[in-house]
Structures are given as C-alpha cells and as structure tokens.
Amino acid sequence: MPAAVRPVLVAALMLLVAACADAPAPVVAPPPAPKPPPVSMSPRLLEAASAYRGYLNRVQAISPAFADGGEVAQALRTGARYEPGQLVRGAIVYGAIAALQDRAFVSGLQAYGRDPAQRRQMAFELIRDPAYARGLPGAAGAAALAVAAMGGEGQRLYDQGKAVKQAAYDIQKSPWSRESVASRPERLAEAKAHANSMMLGDSAETQRLSEAARGLTPIALTPAEARFTTPSVSRALAIAALAALGEAGEANVDAVLGLTLEPNVAGCMTSARLNLYQCLAVARPHYEDVFCNGQHALMDTGRCLIRQAGLAEPVEARFVPDASSIARKMPTPKAPARRPARNR
C-alpha cells in the first residue's frame, strides 16, 4: 500500500470508530413480567359449598302452614338431613368464596403470586397457620364479606326455625295436630341416620359458585363486622388467599380441605342433633314434632353458624311476669282468727 494512502485510511477508520461510539445503544425490551396464575378452586371445594347451600335452600322452602301429619314428617326429614361436619365444611368454603368478592384482596395476592417461589412460600404459611391470612393486604375487607356470608346464612336458618317453632303452637287448634305420630321409633331412627348421610350439591349451584369465585358473577353481600375473628373466618380467609394465588386447585385439594375442619362448630351442631334426638324420643303428637324440628334441627343449628361467624347470637324472648301480675295471682292472706276472750 502506498505510503500516501495510509494516513487517509487511518483517518477514515478513526472517523468510523467515533461515529459508532456516538451512536445510541440499541434498546433491549425487558422480558414480560410473569402473569399470576388464575384464581382456582378445586371442584371438591365447590361441591362442599354447593351442598351446604342446597341444604339451606331446602330448609327455606319449608312452609310453616302445616295441613297434616305427612307435611310435618316431610319437614322433619328436610330439617334433620345434614351431617354436622359437612355443614361446617361447606360454610367455611362458602365464606372463602364470599371473601374472593373483594377484588382488592384478590389483586394484592396475585401481585405476590407472580413469583413462583414466593407463591409457594405463602401457600405453605397459609396451610400451616390459617391465621397468617389475617395479616395480608386487604384481609379486613375480605373477612367482613366472609362474616356476612356465614353469619347471614346462619341467621336465615335461625329465622326459618323460629317460624316453624311458632307453627307448633299455631296448629294445636287443629285436631289432627294432637294425634299421636305413627311409627315413632322409626322416625327417630331415620333422623339419626341422616347425621351420617352425605349431602350432594346441585350442579347449577356449583357452577354459580365457581363463577363467583373467579369474579365472573359476583355475590352481592354487605360486609359485616364480627365481635372477634373466629377460627372459621380465618380458615375461610386462608382458603380464599390460596385460591387467589392459584394454589387451591385439585393438586393441593387435600391440604386445603384440611383447613375446613373446625371441631368446635361441629361439636355445637352435634349437640344440636343430640337435643333433637332427645326431643323426638319423648314427642308424641304431631305438633311436638314440629317444635323439635323448629327448635333443635333449625334454630339450634342456625345459632351454631352465627357463632361460627363471630356475630352476636340471637336472644330468644322469654316471658317474665311483672310484679302486678304476680300480685294478682297470689291469694289474699286471711286475717288471723281472733281468740275468744277469757272470762275473768
């Protein structure tokens, strides 16, 4: 290469290097943020909530306007047809579905759920200790919805029981209501058998609850404030959190179902059933069967659900006579007999 050309080439290379140095670096787009998994809830959980709702709907259909002993017997079968543990399980899952109606709660959890490692750690903590859910962002609002759902259904059951119990007094003017129930031992055995029979959910109700859990068809609820957070509310909140994280599906269903066990509430319902059996054991006329159904199968069970939600339990009015009515019923004291005067 001629010596005269070399300086020209060197200058050209230097200009090229300078031009490359001044050029902006190409913009590299960051990788897209991982999407959180969708809200998921195992069909077995949805079935539990559906069976629970089905029992409440069937009980609500009982008409207190009894016309004969056959209607009384059918109402008793409807009221007694539940297994305590299954009813508690369904109530907790239904409370979880209610908690998922709080979209701020769901969105906050899904933000955490973008990181698989963090998601798995949170799921572990929730299953290990359901009370962990109470410290999550938005937990207070979600818990208020769970309380409203569980407590509201309990109040509905209790009110239906009051109407049935009142019918026990209203129908006594009808001669048929004072007739003895036929096959009394058999109807007691049937009521006991219902305590071990599993309820089934309705497919349409199961689908509705599935859509509600995913936010497609929301459940309209007014948040309720409990006197204190019960274990059942914490468990419902934990299940809702797991569902929002995508960790309540079929892969984890056995662990999640473990969160639906609440022995204290199940014990309350078992006591209600024992009271029902004792009542039926001594009941003879039809109106007494109506009383047993209203008081023990419905009102007592509804009270357990209200207690499960942490709401104030209803107070049954009792007759307390006032002082004037007591005075009217008391016999007038007789004046002491006067002794005859002695002759002095």
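So, here is what we can say about the structure in this document. (Residues numbered from 1 in each chain as written. Predicted model: local features only at pLDDT ≥ 70, side-chain atom pairs only at ≥ 80, totals over all residues. Heavy atoms only, no water.)

For the protein chain, the count of helices and strands is 14 helices and 0 strands. Each helix and strand of the protein chain, placed in order from N terminus to C terminus, yields the pattern α-α-α-α-α-α-α-α-α-α-α-α-α-α. Contacts spanning at least 24 positions in sequence make up 86% of the contacts within the protein chain whose residues lie at least 6 apart. (Helix = DSSP H or I, 4+ residues; strand = E, 2+ residues; numbered from the N terminus. Contact = heavy atoms within 4.5 Å.)

Here the focus is the pattern of salt bridges. Taken as a whole and judged by the stated rule, the model has 11 salt bridges. Between Glu190 and Arg77 there is a salt bridge; the shortest N-O distance is 3.2 Å. On the criterion of sequence distance, the pair formed by Glu190 in helix H8 (residues 184-194) and Arg77 in helix H3 (residues 69-80) is long-range, its members being 113 residues apart. (Salt bridge = Lys/Arg side-chain N within 4 Å of Asp/Glu carboxyl O.)

Looking now at the side chain of Gln86. Of note, Gln86 is situated in helix H4 (residues 84-99). With residues near it in sequence (within four places) discarded, Gln86 still touches Ala51, Ser197, Met198 and Met199.

Once that is clear, we can look at the state of the cysteines. In the structure shown here, the tally under the stated rule is 2 disulfides. Residue pairing for Cys268: its cysteine sulfur links by disulfide to Cys304, the two sulfurs lying 2.0 Å apart. Judged by the torsion about the S-S bond (-85°), the Cys268/Cys304 disulfide is left-handed. Placement of the pair is Cys268 in helix H12 (residues 263-282) and Cys304 in helix H13 (residues 286-309), with a sequence separation of 36 residues. The disulfide that involves Cys279 links it to Cys292, with 1.9 Å between the sulfurs. Torsion about the S-S bond of the Cys279 and Cys292 cystine: about -80°, corresponding to left-handed handedness. Here Cys279 is found in helix H12, whereas its partner Cys292 is found in helix H13, with 13 residues between them in sequence. Judged by relative accessible area, which is 13%, Cys279 ranks as buried. Regarding the disulfides, the protein chain carries the connectivity 1-4, 2-3 under sequence-order numbering of its bonded cysteines. (Disulfide = S-S within 2.5 Å. Buried < 20%, exposed > 50% of the residue type's maximum accessible area, 1.4 Å probe, protein only.)

To continue, consider the nonpolar core. Grouped together as the largest cluster of nonpolar side chains are 94 residues, with contacts concentrated most on Met41, Tyr55, Phe66, Ile97, Leu100 and Phe105. Excluding its chain neighbours within four sequence positions, the residues that come into contact with Tyr55 are Thr78, Gly79, Arg81, Tyr82, Leu87, Leu157, Met199, Ala297 and Leu298. (Core = buried A, V, L, I, M, F, W, Y, C linked by side-chain atoms within 4.5 Å.)

Moving on, we get to unusual backbone geometry. Of note in this structure, Ser183 is not a glycine but carries a positive phi near 55°. By the element assignment, Ser183 lies in the loop between helix H7 (139-170) and H8. Classification of Ser183 as partly exposed rests on a relative accessible area of 46%.

Turning next to helix H5 (residues 103-112). The α-helix advances 3.6 residues per turn, and as a result positions three or four apart in sequence lie on the same side. Buried within H5 are the following residues: Phe105, Val106, Leu109 and Gln110. Around the axis of H5, the buried residues are gathered within 125° of arc, so they sit on the same side. Tucked into the core, H5 has its buried residues touching H4, helix H6 (116-128), H7 and helix H10 (231-244). Measuring from the backbone nitrogen of Ala104 back to the side-chain oxygen at the start of H5 gives 3.1 Å, which picks out Asp102 as the cap. (Arc of directions from axis to C-beta. Polar contact = N/O pair within 3.5 Å; in protein donor to acceptor, adjacent residues only side chain to side chain.)

Moving on, we get to the environment of Asp68. Positionally, Asp68 belongs in the loop between helix H2 (43-60) and H3. The exposure class assigned to Asp68 is partly exposed, which follows from its relative accessible area of 35%. From its side chain, Asp68 meets the backbone nitrogen of Gly70 in a polar contact 3.0 Å long.

The next thing to look at is the side chain of Ser177. When you line up the elements, Ser177 lands in the loop between H7 and H8. Look at Ser177 and you get buried, because its relative accessible area is 0%.

Now for the packing of aromatic side chains. Overall, the coordinates contain 2 aromatic pairs when judged by the stated rule. An angle of 45° between the planes, with centres 6.1 Å apart, marks the rings of Tyr52 and Tyr94 as tilted. Within this pair, whereas Tyr52 is found in helix H2, its partner Tyr94 is found in helix H4, the two being separated by 42 residues in sequence. Just as Tyr52 is buried, Tyr94 falls in that class too. (Phe/Tyr/Trp six-rings, centres within 6.5 Å; stacked < 30°, edge-to-face > 60°.)

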